[in-house]
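Okay, here's what each chain looks like letter by letter:
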Amino acid sequence: MIHARTADGILRLVIDRPAKKNALSPAMYDALTQAFVKAADDKAVRVIAIEGQPGIFCAGNDIATFEAAAGGDLAPIAAFLRALANNPLPLIAAIDGPAVGIGTTLLFHCDSVIATERSYLLTPFVDLGLVPEAASSLIGPALIGHHRAFSLLALGEKMSARAAEAAGLIHSVVEPEELAAALSQRAAFIASKPPAALRASRALIKGEPAAILARMEAEIAIFRQRLASPEAQAAFRAFLSRGSS
Ligand code: COA
């Protein structure tokens, strides 16, 4: 599930499904989308902070729902992605452990990411017969360069927290016991700024969301076709039947 709590100008969103490594279900996307949409009009929110659980940030989309979604219901994911692109508030994240699939690509929309040394980014889209989403195919090369984006997003090569820090995707690396405090400190610092000026500055830095929204739609259209492909269906079955033979 997703816990959402606002205090001192900070909306904290906590991904809490440790038994499935924080894999995101349709209901969890809906909760995230609602939280983002509500926060945009809530004067009490100055910054959004996303975090996972100790040892796992997010294992990406729930692969069981991918297998079932071969018919094409990507509405909860698509709505969440649109909410990410349209979000006008500063967005930060703290990660400890794996950030997989959309657990990585949502970080491309953040303004600061804090990670522990044992964290890593991984997007096995192609190995699952899929393609990158969340406009990562557009933002990725611009942010970290074509070669690193290809290695991460197309080849599914793991990127360590330190490598992501060097690439400009992670703001700082801290010890696990310092992560919560580091996130709170960063969020409080952001919340201390004049909110209207900060929103306007962030919008200038990010640019118009139109190109990002258009790329998200283009990716999702291909993603939808790929979901039903024999390559993808075989990969989902292989993951879900691990250990059962
Ligand atoms: N969707 C559905 N279930 C998932 C999941 C996902 N994305 N990721 C993990 N799980 C489930 C596992 O099936 C397992 O369930 P079970 O205990 O009922 O068998 C449980 O979470 C624990 O996962 P496990 O793989 O044993 O944990 P781990 O610590 O060895 O590895 C990960 C953690 C995140 C590295 C690994 O689970 C993983 O690679 N997950 C898939 C990530 C992925 O491909 N996501 C989609 C990207 S598009």
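Please read all numbers here as calculations on a predicted model, not as lab measurements. (Residues numbered from 1 in each chain as written. Predicted model: local features only at pLDDT ≥ 70, side-chain atom pairs only at ≥ 80, totals over all residues. Heavy atoms only, no water.)

**Q** How should I be thinking about the site of the ligand in this particular structure?
**A** Lys20, Ala59, Asn61, Ile63 and Arg242 are the nearest of the 16 residues found near the ligand. Measuring from an oxygen atom of the ligand, one finds a side-chain N or O atom of Lys20 at 2.6 Å. In the environment of the ligand, a nitrogen atom lies 2.9 Å from a nitrogen or oxygen atom belonging to the backbone of Asn61. Broken down by class, the residue content of the shell around the ligand amounts to 10 nonpolar, 2 polar and 4 charged. (Near = heavy atom within 4 Å. Polar contact = N/O pair within 3.5 Å; in protein donor to acceptor, adjacent residues only side chain to side chain. Nonpolar A, V, L, I, M, F, W, Y, C, P; charged D, E, K, R; others polar.)

**Q** Help me out: how do you make sense of helix α3 (residues 75-86) in this one?
**A** Residue pairs spaced three or four apart in an α-helix point in one direction, given the helix's 3.6 residues per turn. For α3, with 12 residues, the first-to-last C-alpha span of 16 Å sits near the 16 Å given by 1.5 Å per residue. Residues of α3 that are buried in the fold lie against α1 (26-40), α2 (63-68), β4 (91-95), α4 (102-105) and α10 (210-227). (Helix = DSSP H or I, 4+ residues; strand = E, 2+ residues; numbered from the N terminus. Expected span 1.5 Å × (residues − 1). Contact = heavy atoms within 4.5 Å.)

**Q** Sorry, what's going on with the sheet that holds β4 here?
**A** The strands that make up a sheet are held in pairs by hydrogen bonds between backbone atoms, and each pair lies either parallel or antiparallel. As summarised here, the arrangement of the 6 strands in space is β1-β2-β3-β4-β6-β9, forming an open sheet in which the pairing is mixed. Strands with a single pairing partner mark the edges of an open sheet, and in this sheet they are β1 (2-7) and β9 (172-174). Averaged over neighbouring strand pairs, the angle between their axes works out to 20 degrees when direction is ignored. Relative to β4, strand β3 (residues 47-51) runs parallel, the two sharing 4 bridges. In the sheet register, Glu51 faces β4, and the bridge partner there is Ala94. Across the sheet, α1 touches β1, β2 (10-15), β3 and β4, and the angle it forms with β2 is around 175 degrees. (Pairing = 2+ DSSP bridges. Axes fitted to C-alpha atoms, helices over the stretch in contact; angles between N-to-C directions.)

**Q** So what exactly am I meant to see when it comes to the environment of Leu13 here?
**A** As for its position among the elements, Leu13 is in strand β2. Residue classification places Leu13 among the buried residues on the basis of a relative accessible area of 0%. Distance in space between the C-alpha atoms of Leu13 and Glu217 is 25 Å, their sequence separation being 204 residues. Those residues in contact with Leu13, other than ones at most four positions away along the chain, are Ile2, His3, Ala4, Leu32, Ala35, Phe36, Ile48, Ala49, Ile50 and Glu51. (Buried < 20%, exposed > 50% of the residue type's maximum accessible area, 1.4 Å probe, protein only.)

**Q** It is not clear to me how the packing of aromatic side chains should be interpreted in this structure. Could you clarify?
**A** Centre distance and the angle of the planes are the two values used to describe a pair of aromatic rings. For the structure on display, the rule yields 4 aromatic pairs. Plain terms: the ring middles of Tyr29 and Phe80 are 5.9 Å apart, the flat faces sit at 40 degrees to each other, and that makes the pair tilted. On the criterion of sequence distance, the pair formed by Tyr29 in helix α1 and Phe80 in helix α3 is long-range, its members being 51 residues apart. For the pair Tyr29 and Phe80, a shared accessibility class is recorded, and that class is buried. Here the aromatic rings of Phe66 and Phe236 are separated by 5.5 Å at their centres, their planes lie at 25 degrees, and the arrangement is stacked. Separated by 170 residues along the polypeptide, Phe66 in helix α2 and Phe236 in helix α11 (residues 230-240) bring together distant segments of the chain. Aromatic rings pair up to connect Tyr29, Phe36 and Phe80 into one cluster. The lysine or arginine in question, Lys158, covers the ring of Tyr120, its NZ or CZ lying 4.1 Å from the ring centre. (Phe/Tyr/Trp six-rings, centres within 6.5 Å; stacked < 30°, edge-to-face > 60°. Lys NZ or Arg CZ within 6 Å of the ring centre and 35° of its normal.)

These results come straight from atomic positions and should not be treated as a statement about function.
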